[in-house]
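# Structure at a glance
Here's the letter readout for the chains.
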Amino acid sequence: MRISSIPQWRYVVHVLGMHARRRWWLYGIAAAAFAWCDTHYRVALNMSNSMPQSMYLVVLGSQPTGVGDFVAFEWQRDQFYRRDWTFIKRVAGVPGQAVTVSGRNVYIDGKSVGHAKTVSSHGVPLDPIPPGVIPPGYIYATATHPDSLDSRYSVTGLIQSSRIIGKAYAIF
């Protein structure tokens with residue numbers, strides 16, 4: 001039988017099958033590497049103007065260690081966004097620090113972390129976070145953009161460590 005008499009799709013399948021049989025071990029290693037990476041890392045995209053970077057690498061299961069770290073967490077309310085959305089913010093407050101509110105200005109240990117708007121961009125009323133000391137197992141998360149939905153609002157509030165997916169690193 002001549003090659004020209006074999007249908008093209010059959011020839012392609014034959015060549016690919018030979019290739020896979022010869023290099024099965026390489027595909028196995030690649031599949032294991034992808035599976036390992038998928039259980040330890042995630043790429044998160046910032047789809048809003050809340051943070052200056054657009055893409056982050058999230059190390060799953062790791063906790064932010066201090067103020068200034070990026071953190072990835074799950075949104076757990078039905079208001080504004082779906083419950084399964086991942087948010088990336090910067091840690092601005094850790095357990096033991098005091099959150100104070102003067103008017104609609106929010107401070108952590110006397111340092112300004114933002115102004116709480118009265119309504120969202122969709123006209124939904126927003127309340128500022130209640131003042132108090134950040135308890136163990138929680139962080140205060142913020143973003144640089146004035147329209148960011150972050151911990152300065154009671155709808156977001158302090159982020160419980162069980163909601164934290166991992167520590168995030170800006171890619172670009």
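To be clear, the structure that these remarks concern was listed above.
Throughout what follows, the structure given in this document is the object of discussion. None of these values were measured; they are calculated from a predicted model. The numbers attached to residues start from 1 for each chain and follow its sequence in the written order. Thresholds applied to this predicted model are a pLDDT of at least 70 for local features of residues and 80 or more for the giving and counting of side-chain atom pairs; totals over whole chains, interfaces and linings are not thresholded and use all residues. In computing side-chain properties, one takes all heavy atoms of the structure into account and sets aside hydrogens as well as water.

## What to know about the environment of alanine 141
Helix and strand definitions follow DSSP, with helices as H or I runs of at least four residues and strands as E runs of at least two, each counted in order from the N terminus. Relative to the helices and strands, alanine 141 resides in strand β9 (residues 138-142). Burial status follows relative accessibility: with a 1.4 Å probe on protein chains alone, a residue under 20% of its type maximum counts as buried, one over 50% as exposed, and anything between as partly exposed. Exposure remark for alanine 141: the relative accessible area of 1% places this residue in the buried category. Non-local contacts of alanine 141, meaning those with residues more than four positions away in its chain, are made with Val71, Phe73, Lys89, Arg90, Asp150, Ser151 and Ile159. What makes two residues a contact is simply this: any of their non-hydrogen atoms within 4.5 Å.

## A word on the sheet that holds strand β5 (residues 98-102)
An order of β7-β6-β5-β8 is seen for the 4 strands of this open sheet, with the pairing classed as antiparallel. Every other strand in the sheet has two partners, leaving β7 (111-115) and β8 (132-133) as the edge strands with one partner each. By this definition, two strands are paired if DSSP reports at least two bridges between them. Note that β5 and β8 share 2 bridges and pair antiparallel. Bridging across to β8, valine 99 finds its partner in glycine 132.

## Section: the side chain of serine 120
With respect to the helices and strands, serine 120 occurs in the loop between β7 and β8. A relative accessible area of 11% means that serine 120 is categorised as buried. Setting aside its immediate chain neighbours within four residues, serine 120 contacts Phe80 and Leu126.

## Comments concerning the nonpolar core
Ranked by size, the top nonpolar core spans 14 residues in total, and within it Val71, Phe73, Ile139, Leu149, Tyr153 and Ile159 carry the most contacts. If you list the elements that add at least two residues to this core, you get β3 (70-74), β4 (86-93) and β9. Residues contacting isoleucine 139, with those up to four places away along its chain left out, are Pro64, Val71, Val91, Gly93, Ile134, Ser151, Leu158, Ile159 and Ile164. Counting 10 residues, the second-largest nonpolar core is a separate cluster that includes Ala44, Met51, Ala143 and Ala168. Among buried residues, the Ala, Val, Leu, Ile, Met, Phe, Trp, Tyr and Cys ones that are joined through side-chain atoms within 4.5 Å form a nonpolar core.

## A few points about the pattern of salt bridges
Whenever Lys or Arg places a side-chain nitrogen within 4 Å of a carboxyl oxygen from Asp or Glu, that contact is recorded as a salt bridge. Summed over all chains, the structure comprises 3 salt bridges. The salt bridge partner of lysine 167 is aspartate 69, with a shortest N-O separation of 3.6 Å. Residue lysine 167 is found in strand β11 (residues 164-170), and its partner aspartate 69 is found in the loop between β2 (55-60) and β3; the two are separated by 98 residues along the sequence. Residue aspartate 147 is joined to lysine 117 by a salt bridge in which the shortest nitrogen-to-oxygen separation is 2.7 Å. A residue pair is termed long-range when its members are at least 10 positions apart, and aspartate 147 in the loop between β9 and β10 (159-160) and lysine 117 in the loop between β7 and β8 qualify at 30 residues.

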